[in-house]
Amino acid sequence: MLFNDIVCKNILNLKIQQVNEHRNANVDNFLRIIFVYNPGGSNFMPSNELPIIMQDFVHLHVHTQYSLLDGQASVARLVDKAMKNGMKGIAVTDHGNMFGIKEFTNYVNKKNSGPKGEVKDLKKRIAGIEAGTIECEDKEAEIAACKAKIVEAENKLFKPIIGCEMYVARRTMDLKEGKPDQSGYPLIVLAKNETGYHNLIKLVSHAWTRGYYMRPRTDRSELEKYHEGLIICSACLGGEVPKRITAGQFAEAEEAIQWYKNLFGDDYYLELQRHKATVPRANHECYPLQVNVNKHLIEYA
């Protein structure tokens, strides 16, 4: 249910077979994308002949209809789409809230009920064979076959990753003195395990009950207090690090990176976004800003 058995990787290794003439020589639109992978590793494989292959890709920054005026997709349809695309999990990180988490976990549990039932029945059969209550010609072969089927069934399970895109106050969450304190820096916070889940609940609850000022806000002091079991991503252009980079405040950007790195260690990730608009009425201003921010984030990494 949580993030306890999914491995994160800081750096995406690119295996380039061929780079076609239309692709940037640095393949920079694929660099350091934050993703979840299996221990076997994952590769992007650009080629003239082959499609780009993404193994076990999992979205860690996702908004549902509970992100008002931003997300539109329902929880169920997001899960269905991810499963249809062969993904093994998905995170829900709505703006400032966890309103959709109960619906999210309930729906995933429903989708997982079939494979879980298979695993339960197979384990029961193995126990029966070992106890002698179930007869078969070759016990060892039958048990081995059951164990193989258990692995196959477990690979069908879908992982709901519980998270929230929180807002970190520019000063402290108790200060509410006009524009400087309105809203805050976006920050992706994911539950790594049960401890992280409980800490995330506390952070989000306090953001609403104590830190609310235009938006529910937390601050560095709260993050220090409830950091255990959490995974952090630096978020979008509005996040503290990208915002500092865009403003040319590189020393401040590096200070923020070091602060989060010192607190969260290997559970802190620099998040790169690269979304080029392809239709006239879309936002075309973000893309060049993202390209600039990404260049500096790669250097900091």
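Residues numbered from 1 in each chain as written. Predicted model: local features only at pLDDT ≥ 70, side-chain atom pairs only at ≥ 80, totals over all residues. Heavy atoms only, no water.

1. Quick word on the overall build of the protein chain
Part 1 of the argument: The secondary structure content of the protein chain amounts to eight helices and seven strands.
Part 2 of the argument: A total of 301 residues make up the protein chain; the buried ones form 44% of that total.
Part 3 of the argument: Partitioning the contacts of the protein chain with sequence separation of at least 6, the portion at a separation of at least 24 is 72%. (Helix = DSSP H or I, 4+ residues; strand = E, 2+ residues; numbered from the N terminus. Buried < 20%, exposed > 50% of the residue type's maximum accessible area, 1.4 Å probe, protein only. Contact = heavy atoms within 4.5 Å.)

2. Considering the sheet that holds strand 5 (residues 185–191)
Part 1 of the argument: On the basis of which strands lie adjacent, the open sheet formed by five strands has the order 3-4-5-6-7 and mixed pairing. A strand with exactly one partner marks an edge of an open sheet, and here the two such strands are strand 3 (89–92) and strand 7 (268–269).
Part 2 of the argument: Direction of pairing for strand 4 (residues 159–168) relative to strand 5: antiparallel, over a ladder of six bridges. Looking across to strand 5, one finds that Y167 is bridged to P186. (Pairing = 2+ DSSP bridges.)

3. Quick look at the packing of helix 2 (residues 101–131) against helix 3 (residues 139–154)
Part 1 of the argument: Between helix 2 and helix 3, the least distance of the axes is 9 Å, while the angle of their chain directions is 165°. When the axis of helix 2 is compared with that of helix 3, the two are roughly antiparallel. Between helix 2 and helix 3 the crossing geometry is left-handed. In contact with P115, E118, V119, L122, K123, R125, I126, I129 and E130 of helix 2, helix 3 contributes K139, E142, I143, C146, K147, K149, I150, A153 and E154. (Axes fitted to C-alpha atoms, helices over the stretch in contact; angles between N-to-C directions. Parallel < 35°, antiparallel > 145°, perpendicular 65-115°, else oblique. Left-handed = near helix turned anticlockwise from the far one by under 90°.)

4. Quick word on the side chain of Q273
Part 1 of the argument: Position of Q273 among the secondary structure elements: in the loop between strand 7 and helix 8 (286–300).
Part 2 of the argument: At 3.5 Å, the side chain of Q273 and the side chain of H61 are in polar contact.
Part 3 of the argument: Residue contacts for Q273: discarding those within four places in its chain leaves H61, A235, C236, Q290 and N294. (Polar contact = N/O pair within 3.5 Å; in protein donor to acceptor, adjacent residues only side chain to side chain.)

5. Focus on the environment of F104
Part 1 of the argument: Within the secondary structure, F104 sits in helix 2.
Part 2 of the argument: The contact partners of F104, leaving out residues within four places of it in the chain, are V75, V79, I90, V92, P160 and I161.

6. Digging into the side chain of E165
Part 1 of the argument: Mapped onto the fold, E165 is located in strand 4.
Part 2 of the argument: Nearest to the buried, unbridged E165 among oppositely charged side chains is R215, at 8.5 Å.
Part 3 of the argument: For E165, the side chain forms a polar contact with the side chain of H61, separated by 3.3 Å. (Lys, Arg positive; Asp, Glu negative; His and termini not counted. Salt bridge = Lys/Arg side-chain N within 4 Å of Asp/Glu carboxyl O.)

7. A closer look at the pattern of salt bridges
Oppositely charged side chains can pair when the atoms bearing their charge come close.
Part 1 of the argument: Summed over all chains, the structure comprises eleven salt bridges.
Part 2 of the argument: The salt bridge involving K192 is made with D267; its shortest N-O contact spans 3.0 Å. Within this pair, whereas K192 is found in the loop between strand 5 and helix 4 (194–209), its partner D267 is found in the loop between helix 7 (250–264) and strand 7, the two being separated by 75 residues in sequence.
Part 3 of the argument: Exposure remark for D267: the relative accessible area of 18% places this residue in the buried category.
Part 4 of the argument: In this structure, the salt-bridge partner of E240 is R220, at a minimum N-O distance of 3.4 Å.

8. Regarding the pairing of strand 4
Part 1 of the argument: In terms of burial, strand 4 is a largely internal element, ten of the ten residues being buried.
Part 2 of the argument: Residues K159, I161, G163, E165 and Y167 line one face of strand 4 and the alternating positions P160, I162, C164, M166 and V168 line the opposite face, and both faces are buried.
Part 3 of the argument: Here four bridges tie strand 3 to strand 4, and the two strands are oriented parallel to one another. Along strand 4, the bridge assignment pairs G89 with K159.

9. Some points on helix 7
Part 1 of the argument: With 15 residues, helix 7 extends 21 Å from end C-alpha to end C-alpha; this agrees with the ideal 21 Å at 1.5 Å per step.
Part 2 of the argument: The positive-phi residue at the C-terminal boundary of helix 7 is G265, with phi of around 60°. (Expected span 1.5 Å × (residues − 1).)

10. As for the packing of helix 1 (residues 75–84) against helix 2
Part 1 of the argument: Interhelical geometry of helix 1 versus helix 2 gives an angle of 45° and a closest axis separation of 9 Å. Taken together, the axis directions place helix 1 and helix 2 in an arrangement best described as oblique. Judged by the twist between their axes, the crossing of helix 1 over helix 2 is right-handed. Between helix 1 and helix 2, the contacting residues are V75, A76, V79, D80 and M83 on the first element and E103, F104, Y107, V108 and K111 on the second.
Part 2 of the argument: Residue composition of the contact of helix 1 with helix 2, grouped by class: seven nonpolar, no polar and three charged. (Nonpolar A, V, L, I, M, F, W, Y, C, P; charged D, E, K, R; others polar.)

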